[in-house]
Amino acid sequence: MEKLSKYFLSIFVLFLAFSCAEKGKDYSALSKEERKKLSSEVFDGGSHLPQGSPKSMTRIEEAIAIDPDNCDAVRELSVAYLKRGMPNKWKIEMDKAVACNTAIWQPYRGYNYLWFYRDYKKAIADFDASDTLTPNFTDAPQGHSVDYWRGIAYLGLRDYEKSISYFDKYLTQITEESGEDWAEPTAFLYRGIAYYEKRNFEEALKDFDKLLFYNKDRSADGKYYKALILKEKEDCETSRQLLAEAETDFANGYYNNRHYVETLYQIYPQDFEKLNTELKTQCQNKNETY
């Protein structure tokens, strides 16, 4: 009889919990653990819904209403606003997520600042904070080391020395831990661009060659930048050949790009057209000289 009573009591609590979730009632009757459990169920139950859809947003808001300390739900709420270009609402929710779980979501906020708002200084500040928050661990928001992201942020600030130093740090660490072939290939692209901007063409070429090697010789960006360097070296014929290959790779989708936003130093057909015009003039002048 006692076991039966406990069973019915459990059913009643569960029924009460779901009634609260469905009707938006006061959740104070539930214990902290019950609210936490229900919030997770409501949040996870909407994971299949399209991000930012009314149903998805309603489920996330309900999960937060049940348990305001559901940090993942708070962060997810911010993402929908972010991807729709609503910075005011994004920042309010993202800051709440950072306050809720600083170690996890502060470096992620830095990633948001980096790509969606191109606020490189705020991005770097958040990445730097992660070093203090997790001193014996290298954070990897969105799957990449904060050193990799810092390299990109400093490239955006045109601080090429610091950009190179962070890509060096990232590549050294991943090579020692897993092997160079585990590195994100765009690290070579971006470091190569930093070297190119410094007019250190020899080091830039090494990075673009590695980019092409790890991308199985399919990278419009790598070939385009090599063509730029060879133009500087007045090897116009080889440069034109590389440019033609870059255009083919680009047409086949082998170029650096990102969802939702333009990537840093993204290339376009207009870049090929401009370089092709310059190379035609350079080759013509060279032939006339000879």
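Parameters and conventions
Residues numbered from 1 in each chain as written. Predicted model: local features only at pLDDT ≥ 70, side-chain atom pairs only at ≥ 80, totals over all residues. Heavy atoms only, no water. Helix = DSSP H or I, 4+ residues; strand = E, 2+ residues; numbered from the N terminus. Buried < 20%, exposed > 50% of the residue type's maximum accessible area, 1.4 Å probe, protein only. Lys, Arg positive; Asp, Glu negative; His and termini not counted. Salt bridge = Lys/Arg side-chain N within 4 Å of Asp/Glu carboxyl O. Contact = heavy atoms within 4.5 Å. Core = buried A, V, L, I, M, F, W, Y, C linked by side-chain atoms within 4.5 Å. Expected span 1.5 Å × (residues − 1). Phe/Tyr/Trp six-rings, centres within 6.5 Å; stacked < 30°, edge-to-face > 60°. Lys NZ or Arg CZ within 6 Å of the ring centre and 35° of its normal. pLDDT = per-residue confidence, 0-100. Axes fitted to C-alpha atoms, helices over the stretch in contact; angles between N-to-C directions. Parallel < 35°, antiparallel > 145°, perpendicular 65-115°, else oblique. Left-handed = near helix turned anticlockwise from the far one by under 90°. Nonpolar A, V, L, I, M, F, W, Y, C, P; charged D, E, K, R; others polar.

**Some details on the side chain of aspartate 67**
Here's step 1: Note that aspartate 67 resides in the loop between helix H3 (54–66) and helix H4 (71–82).
Here's step 2: Among buried charged residues, aspartate 67 stands out as having no salt bridge; its nearest opposite-charge side chain is arginine 35, 5.7 Å away.
Here's step 3: The residues touching aspartate 67, leaving out its near neighbours within four places in the chain, are Arg35, Lys36 and Ser39.

**Quick word on the nonpolar core**
Here's step 1: Grouped together as the largest cluster of nonpolar side chains are 79 residues, with contacts concentrated most on Trp115, Ile152, Tyr190 and Tyr224.
Here's step 2: In this view, tyrosine 224 contacts Leu243, Ala246, Ile267, Asp271, Phe272 and Leu275; residues no more than four positions away in its chain are not counted.

**Regarding helix H12 (residues 220–232)**
Here's step 1: In this model, H12 (13 residues) spans 19 Å end to end at C-alpha, consistent with the 18 Å of a helix rising 1.5 Å per residue.
Here's step 2: Along H12, 11 of the 13 residues are buried, which leaves the element largely enclosed by surrounding structure.
Here's step 3: Restricting attention to buried positions, one finds in H12 the residues Ala220, Asp221, Gly222, Lys223, Tyr224, Tyr225, Lys226, Ala227, Leu228, Ile229 and Leu230.
Here's step 4: Phi turns positive, to about 60 degrees, at glutamate 234, one or two residues after H12.

**Brief notes about the side chain of asparagine 256**
Here's step 1: With respect to the helices and strands, the residue asparagine 256 is situated in the loop between helix H13 (236–251) and helix H14 (269–289).
Here's step 2: A residue is classified by how much of its surface remains accessible, and asparagine 256, at 13% relative accessible area, is buried.
Here's step 3: Discounting chain neighbours no more than four positions away, the residues touching asparagine 256 are Thr186, Leu189, Tyr190, Asp221, Thr263, Leu264 and Gln266.

**A short note on the pattern of salt bridges**
Here's step 1: Scanning all chains against the criterion turns up 23 salt bridges.
Here's step 2: One salt bridge in this structure joins aspartate 147 and arginine 150, with 2.8 Å as the shortest N-O distance. Residue aspartate 147 and its partner arginine 150 are both found in helix H8 (residues 146–156); the two are separated by three residues, about one turn of the helix. With respect to burial, aspartate 147 and arginine 150 carry one shared label: buried.
Here's step 3: Here the salt bridges do not stand alone but share partners, grouping Asp128, Asp131, Asp147, Arg150 and Lys169 into one network.

**Topic: the packing of aromatic side chains**
Here's step 1: Using the criterion set out here, one finds 20 aromatic pairs in the structure.
Here's step 2: Summarising the aromatic geometry, the rings of tyrosine 224 and tyrosine 225 are spaced 5.3 Å apart at their centres and angled 80 degrees between planes, so their arrangement reads as edge-to-face. One exposure class covers both tyrosine 224 and tyrosine 225, and it is buried.
Here's step 3: The rings of Trp105, Tyr108, Tyr111, Trp115, Tyr148, Trp149, Phe167, Tyr170 and Tyr190 are connected pair by pair, giving a single aromatic cluster.
Here's step 4: The aromatic ring of tyrosine 108 is capped on one face by arginine 75, whose charged end is 4.9 Å from the ring centroid.

**Here we look at unusual backbone geometry**
Here's step 1: Positioned with a positive phi, glutamine 142 is a non-glycine residue whose angle comes to about 55 degrees.
Here's step 2: Examined against the element boundaries, glutamine 142 turns out to sit in the loop between helix H7 (120–133) and H8.
Here's step 3: Since its relative accessible area comes to 45%, glutamine 142 is described here as partly exposed.
Here's step 4: Phi angles above zero are rare outside glycine, and lysine 216 is one such case at about 55 degrees.
Here's step 5: Following the sequence through the fold, lysine 216 ends up in the loop between helix H11 (201–214) and H12.
Here's step 6: Classification of lysine 216 by relative accessible area gives exposed; the value is 64%.

**Brief notes about the confidence of the model for the protein**
Caution applies to low-pLDDT parts of the model: their predicted coordinates are not meant to be read in detail.
Here's step 1: On average, residues of the protein score 90 in pLDDT, and 90% of them reach the 70 mark or higher.
Here's step 2: Counting interchain partners and residues more than four positions distant, the pLDDT-below-50 stretch residues 1–21 has 16 contacts.

**Considering the environment of alanine 73**
Here's step 1: Assignment of secondary structure puts alanine 73 in helix H4.
Here's step 2: Apart from residues lying up to four places away in sequence, alanine 73 is in contact with Phe43, Ile60, Ala63 and Ile64.

**Let's talk about the packing of H11 against H12**
The axes of two packed helices give the description: the angle between them and the distance between them.
Here's step 1: At a closest axis distance of 9 Å, the pairing of H11 and H12 adopts a crossing angle of 155 degrees. Judged by the angle between their axes, H11 and H12 are roughly antiparallel. In this structure, H11 meets H12 at a crossing whose hand is left-handed. Judged by residue contacts, Phe201, Ala204, Leu205, Phe208, Asp209, Leu211 and Leu212 of H11 engage Gly222, Lys223, Tyr225, Lys226, Ile229 and Glu232 from H12.
Here's step 2: Residues that form the contact of H11 with H12 fall into these classes: eight nonpolar, one polar and four charged.

**Considerations on the packing of H12 against H13**
Here's step 1: One way to put it is that H12 packs onto H13 with a least axis distance of 8 Å and a crossing angle of 160 degrees. As the angle between them shows, H12 and H13 are arranged roughly antiparallel. Where H12 crosses over H13, the two elements pack in a sense that is left-handed. Mapping the contact onto sequence places Ala220, Lys223, Tyr224, Lys226, Ala227, Leu230 and Lys231 in H12 and Thr238, Ser239, Leu242, Leu243, Glu245, Ala246, Asp249 and Phe250 in H13.
Here's step 2: Within the contact of H12 with H13, the residues separate by chemical class into eight nonpolar, two polar and five charged.

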